[in-house]
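Examination of the molecular architecture
The chain contents come next:
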Amino acid sequence: MTIFRTSFARLTFVYMAVIAMVGTGILYWAYEAFLEQSRNNINHLVDTDMAGLVSRYYDRGQRDLARHMSSSLALTSLDSPRQIYLLLSPGGKKLAGNLKAWPHDIIPDARLKLLTISTTPQPQSVFAKATLLSDGYRILVGRDAGAYHILQQHMFHKLLTGFGAFLVVGLGIGLLTARAFLRRINELNELCGLVENGDLSPRAPLREGRDEIDTLGRGINGMLDRMSALLTLHKQTADNIAHEIRSPLMRLNAIIEQGEKKKAIPTSSADLARRQIAQSITLLDKLLDISRIEATEKDRASFADINFSQLLENITELYIPLAEEKSLIFSVITEDNIHISGLEQNLSRLCANLIDNALKFARTKVALTLKKDGSGFALTISDDGPGIDPQIQDSIFQRFARGNRAWGNNQRQSGTGLGLALVKAIADQHQIIIDMSSHPKGTIITLTSHFFYAP
Amino acid sequence: MMDITTPMKALCLEDDTIIADYIIDLLQSSGWQVIPVSTLAAATKAVMTEDFDLLVLDRMLPDGDSLGFLKKLRQNDVQTPAIILTALGRTEDKIDGYESGADDYLPKPFEAAEFNARIKALLRRAAYVEQKDMIKMGSLELRIKARTVFHGENFIDLSPKEFELLHYFMSRENDIITRNMLLKDVWGLNFDPGTNVIDVNIGRLRKRIQQGGDSVHLITVRGIGFKLEEKGSD
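Residues numbered from 1 in each chain as written. Chains lettered and ligands numbered in written order. Predicted model: local features only at pLDDT ≥ 70, side-chain atom pairs only at ≥ 80, totals over all residues. Heavy atoms only, no water.

With respect to the overall build of chain A
Within chain A, the secondary structure is distributed over 9 helices and 12 strands. In chain A, buried positions account for 42% of the 455 residues. When contacts within chain A are restricted to residue pairs at least 6 apart in sequence, long-range pairs at least 24 apart make up 63% of them. About 24,900 Å² of surface is accessible on chain A, with carbon and sulfur atoms providing 58% of the total. (Helix = DSSP H or I, 4+ residues; strand = E, 2+ residues; numbered from the N terminus. Buried < 20%, exposed > 50% of the residue type's maximum accessible area, 1.4 Å probe, protein only. Contact = heavy atoms within 4.5 Å. Areas by Shrake-Rupley, 256 points an atom, 1.4 Å probe, with all protein chains shown as cover.)

A look at the sheet that holds strand S1 (residues 9-13) of chain B
In any sheet, the strands associate via hydrogen bonds between backbone groups, in a parallel or an antiparallel arrangement. Residue and element names in this part refer to chain B. Strands sit in the order S2-S1-S3-S6-S7 across an open sheet of 5 strands; the sheet is parallel. Either end of the sheet is taken by a strand with one partner, and the two such strands are strand S2 (33-37) and strand S7 (104-107). Strand-to-strand, the axes of this sheet are offset by a mean angle of 20°, without reference to chain direction. Direction of pairing for strand S6 (residues 82-86) relative to S7: parallel, over a ladder of 4 bridges. Residue pairing across strands places Thr86 opposite Pro107, the latter belonging to S7. (Pairing = 2+ DSSP bridges. Axes fitted to C-alpha atoms, helices over the stretch in contact; angles between N-to-C directions.)

So, the interface of chain A and chain B
Between chain A and chain B, the residue contacts involve 41 residues of the former and 36 residues of the latter. For the chain A and chain B pair, buried surface summed over both sides reaches about 3,500 Å², with 56% attributable to carbon and sulfur atoms. Among the residues of chain A in contact with chain B, A:Met250, A:Leu318 and A:Gln345 are the three that bury the most area, contributing 20% of the side total. Put simply, chain A and chain B have 4 salt bridges between them. Between the two partners, chain A and chain B, sit 13 residue pairs in polar contact (both at pLDDT 80 or more). (Buried area = accessible area lost by both parts, 1.4 Å probe. Salt bridge = Lys/Arg side-chain N within 4 Å of Asp/Glu carboxyl O. Polar contact = N/O pair within 3.5 Å; in protein donor to acceptor, adjacent residues only side chain to side chain.)

Concerning the packing of helix H6 (residues 160-170) of chain B against helix H8 (residues 197-212) of chain B
Residues and elements named next belong to chain B. Two numbers describe how H6 lies on H8: the axes approach to 11 Å, and their chain directions differ by 85°. One element, H6, and the other, H8, form an angle in the roughly perpendicular class. Every residue of H8 that contacts H6 at Glu162, Leu165, Leu166 and Phe169 is listed here: Asn201, Ile202, Arg204, Leu205, Arg208 and Ile209. Class assignment for the residues of the contact of H6 with H8 results in 6 nonpolar, 1 polar and 3 charged. (Parallel < 35°, antiparallel > 145°, perpendicular 65-115°, else oblique. Nonpolar A, V, L, I, M, F, W, Y, C, P; charged D, E, K, R; others polar.)

Remarks on the confidence of the model for chain B
This prediction gives chain B a mean pLDDT of 86; 94% of its residues lie at or above 70. Predicted as a complex, the structure gets a pTM of 0.66 and an ipTM equal to 0.80. (pLDDT = per-residue confidence, 0-100.)

Concerning helix H7 (residues 344-361) of chain A
A rise of 1.5 Å per residue sets the reference length of H7(A), with its 18 residues, at 26 Å; its end C-alpha atoms lie 26 Å apart and thus fit the reference within 8%. Burial analysis of H7(A) places 16 of its 18 residues in the buried class, the great majority of the element. (Expected span 1.5 Å × (residues − 1).)

Points about the sheet that holds strand S14 (residues 225-230) of chain B
Residues and elements named next belong to chain B. Across the sheet, 3 strands lie side by side as S12-S14-S13; this open sheet has antiparallel pairing. Each having just a single partner strand, strand S12 (177-178) and strand S13 (216-221) make up the two edges of the open sheet. Sheet topology places S13 next to S14; 6 bridges connect them, and they run antiparallel. When the sheet's bridge partners are listed, Ile219 is paired in S14 with Lys227. Taken strand by strand, H6 contacts S12, S13 and S14, and its axis lies near 70° from that of S14.

Observations regarding the environment of B:Leu54
All names here are of chain B. With respect to the element layout, Leu54 can be found in strand S3 (residues 54-58). Overall, the relative accessible area of 0% leaves Leu54 in the buried class. Note: C-alpha distance between Leu54 and Trp32 (22 residues apart in sequence) is 9.6 Å.

Digging into the pattern of salt bridges
Residue and element names in this part refer to chain B. One pass over the structure, following the stated rule, counts 34 salt bridges over all chains. Of the charged contacts, one joins Lys9 and Glu50 as a salt bridge, the two residues approaching to 2.8 Å between their closest N and O atoms. Residue Lys9 is found in strand S1, and its partner Glu50 is found in the loop between helix H2 (40-49) and S3; the two are separated by 41 residues along the sequence. On the accessibility criterion, Lys9 (18% relative accessible area) is buried. Given a relative accessible area of 27%, Glu50 falls into the partly exposed group.

Written out as structure tokens, the structure reads:
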């Protein structure tokens with residue numbers, strides 16, 4: 001899993017986006033408030049200046065005002081004058097000041113305005129306001145806005161850099177935290193993977209802390225302890241059943257042999273009794289095997305790479321003489337080098353059971369083919385026997401589901417009735433799918449596995 | 001193989017008295033001196049004070065599983081042949097047994113003949129020295145490297161498996177070989193395939209041998225297994 005797909009990283013992104021939005025708003029507001037304060041200061045200066053000039057006009061008349069303006073301007077620089085003045089007669093004639101003409105975008109309404117003028121070769125930005133005096137005289141007072149612009153730029157850059165750094169650091173810390181979080185989640189994921197493959201021994205690493213991941217880890221460990229205990233119990237129960245049934249049968253066997261030795265039991269009766277004992281044991285073993293395989297179905301820790309083609313060849317070799325004895329045509333076509341991950345003995349047993357069954361019911365022939373099928377393999381075993389009664393086709397893979405195997409045939413077949421249940425358990429253990437189609441002219445069983453891999 | 005004056009000594013670890021008596025009886029009738037014990041503690045004490053030629057071990061004992069005991073012996077380089085007789089007879093249990101250092105694993109209940117055959121095979125394996133390239137019985141000759149079999153002048157055509165099977169019998173001349181031994185050693189299977197497949201395979205091998213001559217017979221020992229013997233021998 002990449003870090004950007006973790007929920008923690010997503011949370012970080014969303015969180016940072018919200019902070020960025022709100023932060024931008026707040027900073028913009030602060031920025032604007034600061035600039036407004038600067039403008040107010042300038043406004044105040046301009047107002048004071050304007051008030052002085054206006055009172056001079058009313059006290060001493062426009063000539064004195066014009067003279068005063070000119071002398072004030074004599075002190076300021078010609079290139080970028082700090083102060084801007086302009087006095088116009090009612091007819092619009094310039095009486096004094098350092099502006100050539102009245103700026104067209106300013107009206108004498110005594111409001112401060114930012115405008116660009118060209119008293120000098122370079123256009124200059126100024127704050128200015130104008131007012132109308134009695135008798136139609138107009139006066140304009142302004143202040144250079146250069147310092148204000150510099151302040152504005154500085155303020156903007158500082159805020160941008162600061163906020164940018166905050167976002168980068170915040171995002172970085174968020175992603176680092178997400179990575180640490182992901183590492184711990186990945187540890188748990190790896191653990192689950194191992195357990196899924198049947199290894200119940202590993203446990204989640206626990207830290208001192210008691211955060212939610214530690215709690216989750218503790219929960220998983222608890223579940224694993226419980227599962228291990230149940231599996232051990234299952235094995236112990238199976239062992240005890242085996243022990244409790246086999247031991248008396250062993251004693252019985254000893255008694256029979258002693259009796260036979262002392263001629264108290266005829267050999268024919270002893271043989272019969274021994275056969276019954278053997279059958280009970282076969283039944284017991286199959287039942288315990290099925291239950292063990294079912295209980296450890298997901299346990300793939302002891303799986304090994306098996307050359308299934310070779311395994312099948314070994315089993316078919318064992319059965320070829322039997323087919324010959326029964327005058328059955330037994331055709332075997334196998335593709336080489338088909339591998340499967342699994343347990344050798346169980347897979348051999350699966351194949352042996354199916355072949356044994358097919359040979360038992362076939363009338364003239366049994367055909368077996370093994371071939372690669374997409375990413376896996378398909379094994380088909382077909383016979384031309386009487387087929388399986390449709391009524392029991394669905395339950396044939398269940399324990400003791402024997403009944404009348406053959407279509408319209410009441411003859412009961414020998415066997416424990418567990419062979420196909422064992423086949424099913426082993427197939428499930430190896431994720432092999434069993435398909436069966438049966439009609440009065442024969443049965444086809446197909447096993448497919450999608451977990452083929454080449455060595 | 002057995003010295004009459006100093007009988008071979010076997011340790012029998014079994015907690016069920018009826019079964020223990022049965023095993024002791026079987027071993028004694030084959031000329032063994034048997035030291036019976038019923039707990040792992042007693043067995044441990046016995047192996048520390050005496051040398052044995054054979055260990056016969058039950059698995060589930062009052063004080064534990066004898067596989068651990070056997071493992072420890074093997075770790076201490078005690079290579080005495082060991083056979084496990086047990087009520088745990090499933091495929092997986094057998095694998096556990098062999099992995100713990102057992103030379104053979106016989107699930108209960110077993111028959112006397114099977115037991116005797118296994119013990120004999122076990123001791124033969126322990127005393128196994130060197131494989132000759134040619135094994136001869138009567139006029140039956142098997143060459144291992146060339147993988148050819150002649151019965152007198154006649155070449156016997158065998159499949160690879162049949163060759164392996166005959167080789168197995170010829171290297172155990174006159175021994176009774178049980179079906180389980182064949183399944184395990186020749187076909188590598190730890191389970192019983194049910195139908196009489198082994199008998200059919202043996203029947204086929206028998207026919208092949210007889211095609212070439214009459215000096216060697218592959219006979220069925222009723223209820224136990226098979227034996228390859230020279231004609232006229234007992």
